[in-house]
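# Structure at a glance
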4 protein chains.
Amino acid sequence: MSITVGIQGASGYTGGELVRLLARDPDISIKFVTSQRFAGQPMSAIFPHLINDPELVCTPLNDLSVVEGCDVVFCALPHVTSMGVVPELLKRGAKVVDLSADFRLDDADIYNEWYGEAHKAPELLSEAVYGLPELYRSNIKKARLVANPGCYPTSILLALAPLMQDNLIELDSLVIDSKSGTSGAGRSLNQGSLFSEVSEGFRSYKAVGHRHTPEIEQGLSQLCGKKVFVRFSPHLLPQSRGILTTCHLRPVGKKSAKEWQELYTNFYANEQFVRVLEPGNLPGTNYVRGSNYCHLSVVPDPRTGWLVVVSTIDNLVKGAAGQAVQNMNIMLGRNEDAAIGQLPLFP
Amino acid sequence: MSITVGIQGASGYTGGELVRLLARDPDISIKFVTSQRFAGQPMSAIFPHLINDPELVCTPLNDLSVVEGCDVVFCALPHVTSMGVVPELLKRGAKVVDLSADFRLDDADIYNEWYGEAHKAPELLSEAVYGLPELYRSNIKKARLVANPGCYPTSILLALAPLMQDNLIELDSLVIDSKSGTSGAGRSLNQGSLFSEVSEGFRSYKAVGHRHTPEIEQGLSQLCGKKVFVRFSPHLLPQSRGILTTCHLRPVGKKSAKEWQELYTNFYANEQFVRVLEPGNLPGTNYVRGSNYCHLSVVPDPRTGWLVVVSTIDNLVKGAAGQAVQNMNIMLGRNEDAAIGQLPLFP
Amino acid sequence: MSITVGIQGASGYTGGELVRLLARDPDISIKFVTSQRFAGQPMSAIFPHLINDPELVCTPLNDLSVVEGCDVVFCALPHVTSMGVVPELLKRGAKVVDLSADFRLDDADIYNEWYGEAHKAPELLSEAVYGLPELYRSNIKKARLVANPGCYPTSILLALAPLMQDNLIELDSLVIDSKSGTSGAGRSLNQGSLFSEVSEGFRSYKAVGHRHTPEIEQGLSQLCGKKVFVRFSPHLLPQSRGILTTCHLRPVGKKSAKEWQELYTNFYANEQFVRVLEPGNLPGTNYVRGSNYCHLSVVPDPRTGWLVVVSTIDNLVKGAAGQAVQNMNIMLGRNEDAAIGQLPLFP
Amino acid sequence: MSITVGIQGASGYTGGELVRLLARDPDISIKFVTSQRFAGQPMSAIFPHLINDPELVCTPLNDLSVVEGCDVVFCALPHVTSMGVVPELLKRGAKVVDLSADFRLDDADIYNEWYGEAHKAPELLSEAVYGLPELYRSNIKKARLVANPGCYPTSILLALAPLMQDNLIELDSLVIDSKSGTSGAGRSLNQGSLFSEVSEGFRSYKAVGHRHTPEIEQGLSQLCGKKVFVRFSPHLLPQSRGILTTCHLRPVGKKSAKEWQELYTNFYANEQFVRVLEPGNLPGTNYVRGSNYCHLSVVPDPRTGWLVVVSTIDNLVKGAAGQAVQNMNIMLGRNEDAAIGQLPLFP
C-alpha cells in the first residue's frame, strides 16, 4: 500500500511531530509540507532534528496545486486559518484530518462565542467527525473530514468516558484540574513561554474560561445524553511535553475499588493505546512521552466516597499528531498503530 | 537584642534553609546544629552552599547539653523522632518550634491512625500552638511550643481561611488539587526522586489519603466550626521548590467578582506576607521562590458559579523554615519579618 | 529473518532502552531479560513506560539456561560483573554485545589500574572488537564479542576521527570538555543524582581522571598511530539525556573553513547516523534525543587558528543501547538502521 | 547613612535583580526606575515577584530630571543605548555604575570592531574603571564611572587572576570553555530562548567569536602585562541562572597540588565573596545561586601536568547586579557586602 500525504502548516511543533512520525513509515510518502514563513526552505531549517530529511522543502500556504493526488492532508494550521483552507482541500479530493479547533464544535454559534469569529464553513460542521478513535472509531472509518480533538479534551474524555456512558457521575460535583507542558502553547514568541519564566515555575494560567471548555462539555454531553457544564482549570508545567489531568467527582452509586477498576479495564479492554494502570500505580507524563499511549488510573477515596480519575498523554502525540495519524490509519483501513507504535521514551 | 538558637536536625533541606535564613541576622547567634550522620563535621560538608559558615560544626542528636542557654530551638527532625526530643528541649527551658508533624494534630488517636505510631508526648498536644501566624498570632505570642504547619496545609488554609470563617463554602463541593516541588520529599534517597525520573515528568503520587489530610481537615474545621472532610490530591512537579494549590468550590451565596476580591484583600489587609493578586494575574511558584510570601488569587467562574482559589508558597520557606522563623519572631516579640524579609528570587 | 535475543541486566536505563528499541522490531524476539533484584517480576514493574510488554518477566542473573538458542545477548551489567558473565554467554554459543567497560581496553593492566580489579577474562581482550561502527565496521561484522563503546568516547572519537586519521592535530594542544545528562550516572541512588540537587545546577564532577580517559586515549592512539594523552574533563548537566562534547585543538597546517567542512562531510559521507551540520548551525542535545544520530560541527577560529569541534549524541542511544543494536545489526548482516531508525524527539 | 539611587532600564532581568537587592537595604532609597516600554506602570506589572514594592513606578527613559539628587545611578540599558545616556547622568552629578558593555573596553576601535558601532563617548573610556572589585578595588573607590564587568569575564578573570599575575600560564595552551544559564540572554523574545527549545537541550551557541572575547583578553593582558589571545567558547545550559567556566591550561613550572591550592587560597584570603573550595569539592552553579559568591577550584592533572580551573557565579548577581551593588558600596565607602550578603539559595 502506498499512501500519499501532505501537511499544511509544518513549522509548528505539531507539524514537526507529524513529519517525525510519518517520515519513517515505509508505506507513506509525504508529498508536501507548507509554511508561509519558511516557503522555499527545507524542514531542517525549521527543525534541526529533522536534518536527515532534506528532501522536504516547504511550499507556500496558498499553492494548493500540491494537494492533487494526495490521499490525506493533515491540516496543522492555527484556528480560523484552518477553516479557510479545509474546504479547498476537500474539493481537491483529499481526505482531511484537521488539527485545529475549527471543526470540533457542532454548533457554529458556540464556536463564534469562544473563538470570536464567525465560522467560515458551517456547512461542514455536521459532516466533520470528532476524531477520538476510542469513542468514535466507526464514524471515523467513513469520514472525509476528521476534526482531531484538542489535547486537554483527549485527556479528559478518555478519563471520563467509562463513567459518563453509564451516567455514573453526579455532574454538579465534577472538577477537572489539568496540567500541561509548554509545547501546548506552540512555538510562538511569548514572554510567558521563555525558559527563564517557566523553569522552576509552575503556574495557573487560565483559572476559568479556557477555550477547550465547550469542546469538553460537548464531548461529555454526547456521552451521557445530558447537558454537562464543567469546572475546568488548566495549569502550565515546567516541562515541554505532557498533559496530566486529575478529575475529581462524586460517583452515582457505590462500587468497590475492584469494581471501579474492572469498569475501566473492561471499557478499554480492546484499546491498544489506552492502558488502565494497576492499583498502586499512578500516571506520570514521562511514562508516555513521545508515544500515542494514554495511561489512566481510577482511585476511589474510601473516606469521602469520591473518585479521583487521573489520565496522562503526550500532548503532541495522542493529544495532536499521533492521534491524527491514528485517525488517518482508521480512515484508510490500515493497522491502527502504523507509524505510531513506538514505545515511550523514558527517561 | 541578642538571641541564641539551636537547630535539631540540620542535614535536611529544612535544616539548611534555617541556617540560610538565620545566619545573616545580626541579632541571632546559632549556638548549635545537630546531625546524627554528620556529627563532628561542618555544615559545609553537608551543604556546599553554606561554605562560608565554617564555624558551624554538627553535634550528635543525643547531646542535649548544647540546649542550655538557648532561647529557641528549631526541631527539624523527622516525625516520630521529634516527639521523643521535644519534651527534653522544653525541660531545658527553651522555647521550641517543631517543624515535624508530631504536634500539629490535637488528637493523639488521629495521629496514631495516620502516622502509625502511638504518640509519645500526648500531654503536650493541648499546649502546642498551631503556628500559622496569619490565623493564630496571638496564641503563638504566648506559646512555649509551636507546631509549625505542613507545607500543603499552609498553602490550603491561607487560600480558604477568608471563606471558611464566614461559612461561605458548600463543604461537600470542596476539591483541593495541590502540586509540590521535589524538595518537599526531602533529601532521602528514593528512586522516584532521581533527576532522571522527575525531569519532564509530572505525576500524581498519592491520589487520595495523603498524611496531611487530617491536618487540613482540623484546620478547616476550626475555622468554620463544623467537621470538614476534604478531597485532597497532591502531585509531584519537575522543579525543586514551590507548592501551588488550586481549590475548587461552590460558594454559599452569590457575590460579584469585585466582592470576592474585596473579601480577600480585606481579610489579608494587614498581613505583610500574604499578597492577594490583582484580577488578571495568577500565582506562579517562581514569583515567591526563596521568600516567605504567599500569593493568592480568587477567581469566580461566571458560567458555573464556582470559585477557583489558587495559592502558592515556597514549601521550604513559608511552608517550613521561613514560617518557623516567623513564629520565633512572634514568640520573642521581634519584627515579624526579621531574617525573612527577602524578596523572591526571580527568575 | 527471525532473531532471538536476550538482555542481561534489564533494570538499568540501558536495559530499558534496549527493550524500547527491540520490542517493536518485527524480526526480533526478546527471549529473556535478567535482573537479580526484580527476578520474577515483569519489566513494567521496573519501568512504567514499558507497561505494554507484560510478557517480559525477569529471570535471575545466574540462570544461564535461558541463553540457549539466543542469537545475540546484550550484556548491560555493571563493569566487573560483566566480565564474569560474558565468557559463559559465549560458551553457550551466543554472540555478545557487552555494554560495560570490561572488554573495551586492550590491555588488562590498564584496566586494572583504572577500574581497580584484575581482569577475569584477559584471554578475550584481543578477540573483543571495539564496537564503533563508523570506524570498525568490518571487524564488527566478523566479531563474536563486541565491546560497546562508552558514551563519552563515542562522542569524542566521532568528533576527532577525521582529524586523527590524517594526523591533523597538534596533540599537546588537545582539550576535551564534555557535558553529560544525569542518565549517564544510571539509576542507582546517589544524593548527587536527586532532582533537587541537579535542577538548575550545572557542575563539574570529575575535573581530571575520569575512567573513560584510557578508552579515549586508546581510541585516539589507534587512529593516529601515536601514543596520545588527553585532557578530558566531564560535567553534569541538569537534563536526563544527552552528551555534548567540545574539543579544542590547534590543527597541523592551515585550511580554510570550507576545507575543514569538506574534510568532515567527506569522511562521514556514507554514514547514515553521523550528520555534519552546515556552517552556522551548532549541535544541541535535544536535536538528537531518543535517536541514534550524532551531530557534528567543525568551527575554525580565524583569530587564533584553532579548531573547535562539537559533537552531540543521546548517551542512552548512540552512546549505549542504540549503538549496541547497530552493532548487532552489523554482526547479523541486517540493515544497519533496523530498530534504530527513529527520528529524534523534539521538543 | 541614607543613599539615593536610580535604575536606568528596570525591565530586564538585571533591572529586576537590582531592585530585589536594593529594596531591602534600610540605608538605600530607590528614587526612580526607568523603562521605555513600561513607563507609567509599577514594577510589579513587569515582575510579579516584586509585587510588594508597588511604590516603584517606571518613568520614561528620556526624563532625566529624576536623576537630580541621586548619589548613584545604575545603568542597566542595552549596549549602544547606554553610552548615549551615561554622559548625561554624569553631568547631573551622579556616580554611575554601567552594566552594559559600553565602557568596559579601553579602546574605542576594538569596541567598534566587536559591537559594530562607533563609540559615542570615547572621552570617558580612560576615566571608566573596570569594576572587578577583587582586582581593582582601589581604583573603584575613587571612580565616578564604573564599567561593571560582563558575566563571562567575571567568571574567567577571577578563575585566572592568581595565575596571570605571576605569569604561570603557557598562554598558547589556554582554553576557556564556559556554560551559561538562559537568563544571560535577557528577557527578549527569541525562539532559541523558549522553554520547549531549551529544556533537556544543552547546546553550543557561539563556538568562536563571542563578543565577550575582547573584554576577556583585555583583562588577562592587563594582569600579565602581555598581549593575550584566548580560545573562548560559550554554551547554553537548560537552567535560568548560573555560569560555570572551565579553564584548561598548561602551567609554567611545576607545583604540587598543595602549592596550587595555597596559591589560590592566599590570593583570595581577604576576599569575602570568593571561595576557593577544598580539594575534592568542585563548583556547581546551584551552590552560589542568588548570591554574590564565586566558587573556585584548581585541579592539577598528575598525568598530563595541566591545570583545570573551574569557577562558578550567579550570572545575574556576581555577574551583573550584585557586583554592581558591590561596586557602589566601594564607591561610597560602605561595607562591601551591604545589600548583597545573602547566602545562596539551595536547592
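On a predicted model such as this, the values are computed, not experimentally measured, just so you know.

We now examine the overall build of chain A. Summing up its helical and strand segments, chain A has 10 helices and 14 strands in all. For a compact globule of 347 residues, the expected C-alpha radius of gyration is about 20 Å, and chain A comes in at 20 Å, within 12% of that figure. Over its C-alpha atoms, taken along the principal directions, chain A stretches across nearly 60 × 45 × 40 Å. Buried positions account for 61% of the 347 residues belonging to chain A. Relative to all contacts within chain A whose residues are 6 or more apart in sequence, the contacts with residues 24 or more apart total 69%.

Attention shifts here to unusual backbone geometry. A cis amide bond links Phe346 of chain A to the next residue, Pro347 of chain A, at an omega of -5°. Structurally, the position occupied by Pro347 of chain A is in the segment after helix H10 (321-331). Located in the positive-phi region is Ala339 of chain C, a residue other than glycine, with phi close to 75°. Among the secondary structure elements, Ala339 of chain C is positioned in the segment after helix H10 (321-332). Its identity is not glycine, yet Glu200 of chain D carries a phi of approximately 55°, on the positive side.

What follows is about the relation of the copies chain A and chain B. The operation relating the two chain copies consists of a rotation about an axis and a shift along that axis. Once turned by 180° and shifted 0.0 Å along the axis, chain A lies on chain B with an RMSD of 0.0 Å. With respect to symmetry, the two chain copies, as superposed, fit the operation of a two-fold axis. Interface overlap between copies: 100% of the residues of chain A at the interface are likewise at the interface in chain B, consistent with a symmetric, same-surface contact.

A few words on the packing of helix H5 (residues 133-142) of chain D against helix H10 (residues 321-332) of chain D. Residue and element names in this part refer to chain D. Running from amino to carboxyl end, H5 crosses H10 at an angle of 40°, the nearest separation of the two axes being 8 Å. On the basis of their axis angle, the class for H5 and H10 is oblique. Between H5 and H10 lies a crossing of right-handed hand. Of H10, the residues touching H5 (which contributes Pro133, Arg137, Ile140 and Lys141) are Gln326, Asn327, Ile330 and Met331. Residues that form the contact of H5 with H10 fall into these classes: four nonpolar, two polar and two charged.

Residue and element names in this part refer to chain B. Between helix H5 (residues 133-142) and helix H10 (residues 317-332), whose axes approach to 8 Å, the crossing angle comes to 40°. Classed by the angle they form, the pair H5 and H10 counts as oblique. When you trace H5 past H10, the crossing you get is right-handed. Within the contact between the two elements, H5 uses Pro133, Arg137, Ile140 and Lys141 and H10 uses Gln326, Asn327, Ile330 and Met331. When the residues that make up the contact of H5 with H10 are grouped by side-chain class, the tally is four nonpolar, two polar and two charged.

A few words on the sheet that holds strand S1 (residues 3-8) of chain C. Each strand in a sheet pairs with its neighbour through backbone hydrogen bonds, running either in the same direction (parallel) or in the opposite one (antiparallel). Residues and elements named next belong to chain C. Across the sheet, which stays open at both edges, the seven strands sit in the order S3-S2-S1-S4-S5-S7-S6 with parallel pairing between neighbours. Every other strand in the sheet has two partners, leaving strand S3 (58-59) and strand S6 (129-130) as the edge strands with one partner each. Here four bridges tie strand S4 (residues 72-75) to strand S5 (residues 95-98), and the two strands are oriented parallel to one another. By the bridge assignment, Val72 is partnered in S5 with Lys95. Lying over the sheet, H10 contacts S1, S4, S5 and strand S7 (145-147), oriented at roughly 155° with respect to S5.

Glancing now at the domain arrangement of chain A. Residues and elements named next belong to chain A. Under the domain assignment, chain A is made up of domain 1 (3-148 + 320-331) and domain 2 (152-313). Taken over C-alpha atoms, the centre of domain 1 sits 25 Å from the centre of domain 2. Listed as interface residues are 14 residues of domain 1 and, on the opposing side, 14 residues of domain 2. Elements with a minimum of two residues in the side of domain 1 that touches domain 2: helix H4 (108-115), helix H5 (133-142) and H10.

Turning our attention to the sheet that holds strand S9 (residues 203-204) of chain B. Residue and element names in this part refer to chain B. Here we have seven strands laid out as an open sheet, ordered S9-S10-S8-S11-S14-S13-S12, and mixed in their pairing. The sheet terminates laterally at S9 and strand S12 (274-276), the two strands that pair on one side only. By the bridge criterion, six bridges tie strand S8 (residues 175-180) to strand S10 (residues 231-236) in an arrangement that is parallel. Residue pairing for S10: Asp177 is matched across the bridge by Ser233. Here helix H9 (residues 257-267) sits on the sheet and contacts S12, strand S13 (294-300) and strand S14 (307-313); the angle it forms with S13, its principal contact strand, is near 155°.

Now for the interface of chain A and chain B. With 41 residues of chain A at the interface, the matching set in chain B holds 41 residues. Those elements that provide at least two residues to the side of chain A that touches chain B are strand S8 (175-180), helix H7 (195-198), strand S9 (203-204), strand S10 (231-236), strand S11 (243-249), strand S13 (294-300) and strand S14 (307-313) of chain A. The residue makeup of the side of chain A that touches chain B, split by class, is 16 nonpolar, 15 polar and 10 charged.

Right, let's get into the interface of chain A and chain D. How big an interface is tends to be stated in terms of accessible area lost as the parts join. On the side of chain D, 14 residues touch chain A, which itself brings 14 residues to the contact. Counting residues per element, the side of chain A that touches chain D draws most heavily on H7 of chain A, at three residues. Residue composition of the side of chain A that touches chain D, grouped by class: five nonpolar, eight polar and one charged.

With that settled, consider the relation of the copies chain A and chain D. Note on the identical chains: chain A maps onto chain D by a rotation of 180° and an axial translation of 0.0 Å, with an RMSD of 0.0 Å. Both copies contact each other with a shared surface, as 100% of the interface residues of chain A are interface residues in chain D too.

About the thresholds
- Residues numbered from 1 in each chain as written.
- Chains lettered and ligands numbered in written order.
- Predicted model: local features only at pLDDT ≥ 70, side-chain atom pairs only at ≥ 80, totals over all residues.
- Helix = DSSP H or I, 4+ residues; strand = E, 2+ residues; numbered from the N terminus.
- Rg over C-alpha atoms; globule rule 2.2 N^0.38 Å.
- Buried ≥ 20, exposed ≤ 12 C-beta atoms within 10 Å, placed from the backbone.
- Contact = placed C-beta atoms within 7 Å.
- Least-squares fit on C-alpha atoms with pLDDT ≥ 70 in both.
- Axes fitted to C-alpha atoms, helices over the stretch in contact; angles between N-to-C directions.
- Parallel < 35°, antiparallel > 145°, perpendicular 65-115°, else oblique.
- Left-handed = near helix turned anticlockwise from the far one by under 90°.
- Nonpolar A, V, L, I, M, F, W, Y, C, P; charged D, E, K, R; others polar.
- Pairing = 2+ DSSP bridges.
- Domains from an automatic or database assignment.

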